[in-house]
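What follows is the residue order along each chain.
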2 protein chains.
Amino acid sequence: MAKKALSMLSKSQEAAATCVCFNLRKASRAVTQLYDGILQETGVRATQTPILIASYLAGEVTVSHLADTLVMDRTTLTRNLKPLEDQGLITVKTGNDRRTKAIALTSQGKAVLTRVLPLWEKAQKQIVGGLGNDRFKSLLAELSAAVSVARS
Amino acid sequence: MAKKALSMLSKSQEAAATCVCFNLRKASRAVTQLYDGILQETGVRATQTPILIASYLAGEVTVSHLADTLVMDRTTLTRNLKPLEDQGLITVKTGNDRRTKAIALTSQGKAVLTRVLPLWEKAQKQIVGGLGNDRFKSLLAELSAAVSVARS
DNA sequence: CCATAAATTGCGTATATACACCTATTCTTG
DNA sequence: CAAGAATAGGTGTATATACGCAATTTATGG
């Protein structure tokens, strides 16, 4: 009994301090709030920026393909596209293969992206500057590795 | 014109590849799904585990204090407490200072935590094993630094 | 050519996140 | 002690996330 209770206490302390999932989510919350604050004047959120960028880079793309690119659940992306479509930043139309939807950035979306990118850079520089370039590069590499491990 | 378009393209490519916010969120999604899959049989989610653990370690704690501990928005925590209370894993009662709420883990919550912790360890070992101990420790340190920078 | 499998997407449901605003309680001070 | 300040918490609203299931369309094997 005493042993089990002790193990529960020490394991809880270890989990609180070292859990990769918790610490990733914690950092995500903090960093997302920083980006959101800086991007606020554009009306675009930190979470929406990658979608706009990927749409811009892909030209015209299906929901599933875009979800793969963003390493995002397909149904999550579908929900996330809605406010962007409502704001006129993207269009969603039926593709030639009528099972698919073709996502494309509108000219308004491109205009907004032009305003977003300098602010993104500002936020990014605050983080990179605070971390230092070495830790920044190390962080990116480890996040990439974590994704590979988690999905393998 | 050509210059601006080029800058937009290259900046978009840079953002897609290096954005700290996006890469953190991406890794959070992937890692959370791994933990969720392993924890599934307990009925407790990866996001709920830290709340149970912090409640267990704190003994009895107010919403705001728990939110500080978890580096989580107070109102987010309030919403997250609801399903845990519904499942009977925690109790929420008015504190002596009647402005406050006292959060406490129930005996059922402790029993569930006993089942959760070994599975948490299993998930954690998959990630740590995949990353290697050096990269794991480095990742934790950089996430901690990122939180400090983002909140400063 | 048709029956069936595969591919693509949407929707129902539930939880996670956080900002703005509101209420209730306690503290502070004249 | 009463009025304003400070503190603790909840609610409305909007977006983010993802699992399971259903619907539609395309590809494929006999």
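Residues numbered from 1 in each chain as written. Chains lettered and ligands numbered in written order. Predicted model: local features only at pLDDT ≥ 70, side-chain atom pairs only at ≥ 80, totals over all residues. Heavy atoms only, no water.

Next up on the list: the interface of chain A and chain B. Taken residue by residue, the interface counts 60 residues in chain A and 60 residues in chain B. In total, chain A and chain B occlude about 5,700 Å² of area from one another, counting both sides; carbon and sulfur atoms represent 76% of this. When the buried area of chain A at its contact with chain B is split by residue, Met8, Val20 and Glu142 of chain A rank highest and sum to 11% of it. Residue Glu121 of chain A pairs with Lys11 of chain B through a salt bridge whose shortest N-O separation is 2.8 Å. Linking chain A to chain B there are 20 residue pairs in polar contact (both at pLDDT 80 or more). Only helix H1 (2-18), helix H2 (20-39), helix H3 (49-58), helix H6 (107-131) and helix H7 (133-151) of chain A provide two or more residues apiece to the side of chain A that touches chain B. The greatest single-element share of the side of chain A that touches chain B, amounting to 15 residues, is contributed by H2 of chain A. By residue class, the composition of the side of chain A that touches chain B is 38 nonpolar, twelve polar and ten charged. (Contact = heavy atoms within 4.5 Å. Buried area = accessible area lost by both parts, 1.4 Å probe. Salt bridge = Lys/Arg side-chain N within 4 Å of Asp/Glu carboxyl O. Polar contact = N/O pair within 3.5 Å; in protein donor to acceptor, adjacent residues only side chain to side chain. Helix = DSSP H or I, 4+ residues; strand = E, 2+ residues; numbered from the N terminus. Nonpolar A, V, L, I, M, F, W, Y, C, P; charged D, E, K, R; others polar.)

Residue and element names in this part refer to chain A. In space, the three strands of this open sheet follow the order E1-E3-E2, with antiparallel pairing throughout. Among the strands making up the open sheet, the edge pair consists of strand E1 (60-62) and strand E2 (90-94). Averaged over neighbouring strand pairs, the angle between their axes works out to 30 degrees when direction is ignored. Where E1 lies against strand E3 (residues 101-105), three bridges are found, and the strand directions are antiparallel. Counted as the bridge partner of Val61 is Ile103 from E3. (Pairing = 2+ DSSP bridges. Axes fitted to C-alpha atoms, helices over the stretch in contact; angles between N-to-C directions.)

Assignment of secondary structure puts Ala150 of chain B in helix H7 (residues 133-151). Take Ala150 of chain B: its relative accessible area is 10%, and that puts it in the buried class. It is 33 Å that separates the C-alpha atoms of Ala150 of chain B and Lys93 of chain B, two residues lying 57 residues apart in sequence. The residues contacting Ala150 of chain B, other than those within four sequence positions of it, are Ala30, Val31, Leu34 and Ile127 of chain A. (Buried < 20%, exposed > 50% of the residue type's maximum accessible area, 1.4 Å probe, protein only.)

Here the two chain copies are tied together by a rotation about an axis and a shift along that axis. Superposition of chain A onto chain B requires a rotation of 180 degrees combined with a translation of 0.0 Å along the rotation axis, giving an RMSD of 0.1 Å. A rotation of that kind, with that shift, is consistent with a two-fold axis. Both copies present the same face, since 100% of the interface residues in chain A are matched by interface residues at the equivalent positions in chain B. (Least-squares fit on C-alpha atoms with pLDDT ≥ 70 in both.)

Tyr35 of chain A together with Tyr35 of chain B are the most contacted members of the largest nonpolar core, which has 108 residues in total. Residues contacting Tyr35 of chain A, with those up to four places away along its chain left out, are Ala46, Trp120, Ala123, Gln124 and Ile127 of chain A together with Cys19, Val20 and Cys21 of chain B. (Core = buried A, V, L, I, M, F, W, Y, C linked by side-chain atoms within 4.5 Å.)

Below, the discussion takes up the side chain of Gln48 of chain A. All names here are of chain A. Note that Gln48 resides in the loop between H2 and H3. Taking relative accessible area as the criterion, Gln48 reaches 9% and is therefore assigned buried. A polar contact of 2.9 Å, which involves the side chain of Gln48, links it to the backbone nitrogen of Arg45. Once you skip the residues sitting within four places of it in the chain, Gln48 turns out to touch Gly43, Pro83, Leu84 and Gln87.

It is worth spelling out H6 of chain A at this point. All names here are of chain A. With 25 residues, H6 ought to run about 36 Å at 1.5 Å a step, and its terminal C-alpha atoms sit 36 Å apart, in line with that. In H6, a bend of some 30 degrees at Val116 exceeds every other bend along the element, and Pro118, a proline, comes one to four places later. Where H6 is concerned, the buried positions are Gly109, Val112, Leu113, Val116, Leu117, Leu119, Trp120, Ala123, Gln124, Ile127, Val128 and Leu131. At the exit of H6 stands Gly132, carrying a positive phi of roughly 90 degrees. (Expected span 1.5 Å × (residues − 1). Bend = angle between axes of the 7 residues up to and from the residue.)

Right, let's get into the pairing of strand E1 (residues 90-94) of chain B. Residues and elements named next belong to chain B. Bridging between E1 and strand E2 (residues 101-105) involves five bridges; their strand directions are antiparallel. Note on E2: the bridge partner recorded for Thr94 is Lys101. Count of turn residues in the E1/E2 antiparallel hairpin: six residues.

Turning our eyes to something else, we now look at helix H5 (residues 74-86) of chain A. Residue and element names in this part refer to chain A. For H5, built from 13 residues, the straight-helix expectation of 18 Å at 1.5 Å per residue is met to within 8% by its first-to-last C-alpha distance of 19 Å. For H5, the secondary structure elements touched by its buried residues are H3, helix H4 (63-70), E2 and E3. Note on H5: the residue one or two positions beyond its end, Gly88, has a positive phi of about 80 degrees.

Residue and element names in this part refer to chain A. Summed over all chains, the structure comprises zero disulfides over all chains. In this structure Cys19 is not part of a disulfide, and its nearest cysteine sulfur, from Cys21, lies 5.2 Å away. Residue class for Cys19 comes out buried when judged on its relative accessible area of 7%. (Disulfide = S-S within 2.5 Å.)

With respect to spatial proximity, 27 residues lie near DNA strand D, and among them Thr47 and Arg99 of chain A together with Gln33, Ser64 and Arg79 of chain B are the closest. Within 4 Å of the protein, the atoms of DNA strand D are drawn from sugar and phosphate moieties in a proportion of 60%. Between DNA strand D and Asn80 of chain A there is a distance of 3.0 Å, counted from a phosphate oxygen to a side-chain nitrogen or oxygen. At 2.9 Å from a base nitrogen of DNA strand D is found a side-chain nitrogen or oxygen belonging to Arg74 of chain B. A total of five residues in the surface near DNA strand D trace back to one element, the largest contributor, which is H5 of chain A. (Near = heavy atom within 4 Å.)

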